[in-house]
Amino acid sequence: MKTICFYFQIHQPFRLKRYRFFDIGNDHYYYDDFANDDIITRIAQRSYLPANETLLEMIKNANGKFKVAFSISGVALEQLELYVPEFIDSMKELVKTDCVEFLSETYAHSLASLADPEEFKLQVKQHDEKIEQLFGVKPKVFRNTELIFSDEIATMIASMGFKGVITEGAKHILGWKSPNYLYCSAAAPKLKMLLKNYKMSDDISFRFSNYEWSDYPLTADKFISWIKNTPEEEPIVNLFMNYETLGELQPRESGIFEFMKALPRFAEQEGIGFCTPAEAISKLKPVDALSVPYPMSWADEARDTSAWLGNTLQNEAFHKLYSVAERVRLCDDRRLKQDWNYLQASDHFYYMCTKYLSDGAVHSHYSPYDSPYEAFTNYMNVLSDFIVRVEAQYPESIENEELNALLTTIKNQSSEIEMLQKELKSARTEHHSKRAEAKKKKEDKAEASKKVAEKKA
Amino acid sequence: MFGWEFPPHILGGLGTASYGLTKGMAECGDIEITFVIPKPYGDEDKTFAHIIGAANTPVAWRDVSWDYVQQRYGYCMNPQEYFDLRSHIYADFNYLKTNDLGCIEFSGRYPDNLMEEINNYSIVAGVIARTEQFDVIHSHDWLTYPAGIHAKQVSGKPLVIHVHATDFDRSRGNVNPTVYNIERDGMLHADHIITVSNLTRQTVIEKYHIDPAKVTTVHNAVEPLSDEIKAIEMPHNPKEKVVTFLGRITMQKGPEYFVEAAARVLRKTNHVRFVMAGSGDMMNKMIKLSAERNISDRFHFTGFLRGRQVYEMLKASDVYVMPSVSEPFGISPLEAMQVGVPSIISKQSGCAEILTNVIKTDYWDIDAMADAIYSIITYPAIYKQLREEGEREVNEIKWKYAGQKVIDIYHNVMRNNN
């Protein structure tokens, strides 16, 4: 039986406000609250909330046969909690059906996997904790920011205990092979790979309402028949897309919600089922091992990391940012850590992209800036202020290792103090109890002598 | 073609643009160009266009010998041409001030009696139009519109006028009615109007009430640098950055915004110098302003620069700023990019329409301008990116492509004229 694996991504960055260079050192608040509130509320109203409703209805109507997976970045969750708390409730409603799976990713939707393994692991842990705290489930399958994946990342993910990963079915990796199978990583054979069928995913997310497309209009039975007509031995079709596809990229008027609702019925007629990534990984056997020597992603025509790290501007900003990573980890200032997360979001680098033609149009569509240069200037100003703050925490003259040693000493000392205090406390209570006992004895004695005296009287 | 300036004797961007365009059109082939200028010096580049001087065109009949003409005007024209022109004098202009060869004197500059000179130029145009064989008339900027109209009336050939600037750009809105009238008259008589940017096109349509269908934008381009200029090496002080404003210091160019932005940058950082190169009626005011802002120690004035000095200045700069309030096109940022200087330009300039590897700000947004300057002198990555990508981009902006567009317009008006 063929199965369809749906996975939706939700991410929104904390957009930066216009931050001039004379604010450096004076103003430590970096975010454009108005834009962030406005954008997430708008998208939630037009897409996330109605889409959740639709999925819930589909799951109920299909008696649990319709299944779907989500990946929500930590920064997006924070924004949703802040501005659209009803979304969290509606998500909890979906989780109750047991037909929804959450995937693991980096908390900040960051590119840490490309620069800083330690940071990467920390963020994944942070994200999984957040998911567990909110929805009570623990993610089992990993999905990296923008489906970025390489052999190096594969070994990192595998060492963290994940059994599977979701990534792009890029042509230059697959060659003649089909993405509609389960694969495993050549670098970490225990790590299974689910590959996005980008043709069919894009049919929904980009072409659905395009009048110029030869297959317009796309109906549910047509789409299911395409899936049915894939070679019989291909077990799975992976449809990965942004959640905004439902309602925002493809507006409600285009009939996208009705299309989704009709899918399970036609799928059942053709004997096609639905599954979540974790199920797919446990059910299917990998047919082959894939090697990905250079990082790939799901962005742009090139399907590599050039959308974020393609030009000098992006690389400079990226290296500047991670040059302070170790320092930030040594700090325990809560606001600093928060800013650290928000600044790592891959979107900031995406805005600095200087590509032209169709890729460039997509970049500028999402960018709040007029030009990549403006994006860079603004980000660097913010980053300069951030670095000033990091340096203010500990003097710059001390090397990281030395600082680390000093911090350990302090930590050890404090734990030692704690231990000694405990000892002191227990000694004290012992002393107290002894004294209390003695007092009681004395009182008993007094009482006894009193009684004796009474008797005498 | 009627023009007012022609290299090497130029006063502003008009000469450079007319020259570049003519050369670019000649490169496209199948075209012969006659270029009329007020006063030739004889050292003009004549390889791609035939140059006629208005100052060498007789408007009153004088009985002179071949040798005498050769002796007087030989440095810039063939005497045969003088006699051809002489036989096409169409009225008695002896009441005008003419010399011993029957020619009117021209300064070729922008003198006080500019209106008179424009009128004389148009009288001369009548003689030339009767002498020469041509298919299209092309007038560069308002000074030559009357000449173009005259030539059209004489020959019945279509007239194309090229708007390099309008009086709205030059005066920040305080339009001189006489100039406006000459401009509008030219536009009404023209069969087609070429503007150097969409910004100017909009002005022509909205302020001069011209039918949009007959206005087309052809963006300017730049000449490739000569080897001599490429070879210029300027010393760079790695500890100090140089930010340059280069142009006439007039209201149109927005110099005061540059001073204000400089003051803001200098409040934050000290290792930077600002240079205001050029001269103009607001120069003294700017010197005063920089003193008021207390930045005179880091703000420098060079006075007027020409030719090679311009490129020396640019090569010594780290950032080029053009905060023009209204700039029909603005060729100078392209020149800065050619020598690899990152540029910041105002959104109100025409070249912003075709450039991507520059930083664009509103001319009044001093904060944004200061921010952009700071960013380029502080973050090496953006400097490098703008420098390399900008140079690559500007090398693709060629006069040949602009020339082809103009030729297409010619074909159109010729078809409609028949």
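Residues numbered from 1 in each chain as written. Chains lettered and ligands numbered in written order. Predicted model: local features only at pLDDT ≥ 70, side-chain atom pairs only at ≥ 80, totals over all residues.

Draft legend 1. How the structure looks around the overall build of chain B. Along its length, chain B carries 16 helices and 12 strands. The globule rule puts the C-alpha radius of gyration for 418 residues at 22 Å, and the 23 Å found for chain B is close to it. Its C-alpha atoms put chain B at 70 × 45 × 40 Å along the principal axes. Expressed as a percentage of the 418 residues in chain B, the buried residues total 48%. Look at the contacts in chain B between residues 6 or more apart in sequence, and 69% of them connect residues 24 or more apart. (Helix = DSSP H or I, 4+ residues; strand = E, 2+ residues; numbered from the N terminus. Rg over C-alpha atoms; globule rule 2.2 N^0.38 Å. Buried ≥ 20, exposed ≤ 12 C-beta atoms within 10 Å, placed from the backbone. Contact = placed C-beta atoms within 7 Å.)

Draft legend 2. Here's a closer look at unusual backbone geometry. The amide bond that connects A:Y216 to the next residue, A:P217, takes the cis arrangement and shows omega of -5°. Omega for the bond connecting B:P7 with B:P8 falls within 30 degrees of zero, at 5°, which places this linkage in the cis form. Counting through the fold element by element, B:P8 comes out in the segment before α1 (13–28). Positive phi, close to 65°, is recorded for A:D98, a residue that is not glycine. Along the chain, A:D98 falls in the loop between α3 (85–96) and β3 (100–102). If you check the backbone angles, A:H109 has positive phi at about 55° while not being a glycine. Here A:H109 is to be found in the loop between β3 and α4 (117–135). Judged by the 28 C-beta atoms lying within 10 Å of it, A:H109 is buried.

Draft legend 3. Helix α12 (residues 308–315) of chain B, seen in detail. All names here are of chain B. Y311, M313 and L314 are the residues of α12 that are buried. All buried residues of α12 lie within an arc of 155° about the axis, which places them on one face of the element. Next to the buried residues of α12 lie α9 (227–230), β7 (241–246), β8 (272–277), β9 (299–303), β10 (319–322) and α13 (332–338). (Arc of directions from axis to C-beta.)

Draft legend 4. Up close: the environment of A:G247. Residue and element names in this part refer to chain A. Locating G247 in the fold gives a position in strand β9 (residues 246–247). Among the residues examined, G247 registers 22 C-beta atoms within 10 Å and is labelled buried. Here the alpha-carbon distance between G247 and Y181, two residues 66 residues apart in the chain, equals 30 Å. Excluding residues within four positions of it along the chain, G247 makes contact with R46, S47, P50, A51, R252 and I256.

Draft legend 5. Looking closely at the sheet that holds strand β5 (residues 164–168) of chain A. All names here are of chain A. The mixed open sheet is built from five strands, whose spatial order is β4-β5-β7-β6-β12. Edge positions in the open sheet fall to β4 (141–143) and β12 (288–290), since each of these has one partner strand only. Averaged over all adjacent pairs, the angle separating strand axes in this sheet is 40°, with direction ignored. Pairing geometry for β4 and β5, over three bridges, is parallel. Looking at the pairing, R143 lines up with I166 of β5. (Pairing = 2+ DSSP bridges. Axes fitted to C-alpha atoms, helices over the stretch in contact; angles between N-to-C directions.)

Draft legend 6. Region of the structure containing the domain arrangement of chain B. Residue and element names in this part refer to chain B. In terms of domains, chain B is made up of domain 1 (13–221 + 400–417) and domain 2 (227–395). Each side of the interface is counted separately: domain 1 has 15 residues, and domain 2 has 11 residues. Those elements giving two or more residues to the side of domain 1 that touches domain 2 turn out to be α1, α6 (167–171) and α8 (198–207). Taken together, the residues of the side of domain 1 that touches domain 2 sort by class into four nonpolar, eight polar and three charged. (Domains from an automatic or database assignment. Nonpolar A, V, L, I, M, F, W, Y, C, P; charged D, E, K, R; others polar.)

Draft legend 7. The arrangement of the domain arrangement of chain A in detail. Residues and elements named next belong to chain A. By domain assignment, chain A separates into domain 1 (3–290) and domain 2 (306–393). Just the C-alpha atoms count here: the centres of domain 1 and domain 2 sit 24 Å apart. Residue-level contacts link 26 residues of domain 1 with 22 residues of domain 2. For the side of domain 1 that touches domain 2, the residue count by class is 14 nonpolar, five polar and seven charged.

Draft legend 8. Focus on the interface of chain B and chain A. Taken together, the contact pairs 17 residues of chain B with 13 residues of chain A. For the side of chain B that touches chain A, the secondary structure elements donating two or more residues are α10 (255–268), β12 (359–361), α14 (366–378) and α15 (380–395) of chain B. When residues of the side of chain B that touches chain A are assigned to their parent elements, the largest contribution, six residues, is made by α15(B). In terms of residue class, the side of chain B that touches chain A is made up of seven nonpolar, two polar and eight charged.

Draft legend 9. A look at the nonpolar core. Within the largest apolar cluster, 237 residues are counted, with the highest numbers of intra-cluster contacts made by A:A317, B:V321, B:M369 and B:I373. Beyond its immediate sequence surroundings of up to four residues, B:V321 is in contact with B:V243, B:T244, B:F245, B:F258, B:I344, B:M369 and B:I373. (Core = buried A, V, L, I, M, F, W, Y, C linked by C-beta atoms within 7 Å.)

Draft legend 10. Just the packing of α10(B) against α14(B), in detail. Residues and elements named next belong to chain B. Axis separation between α10 and α14 bottoms out at 8 Å; the angle between their running directions is 55°. Between α10 and α14, the interaxial angle falls into the category oblique. Considering only the axes of α10 and α14, their crossing is right-handed. Between α10 and α14, the residues in contact are Y257, E260, A261, R264, V265 and K268 and I366, M369, A370, I373 and Y374, respectively. Looking at the contact of α10 with α14, its residues break down into eight nonpolar, no polar and three charged. (Parallel < 35°, antiparallel > 145°, perpendicular 65-115°, else oblique. Left-handed = near helix turned anticlockwise from the far one by under 90°.)

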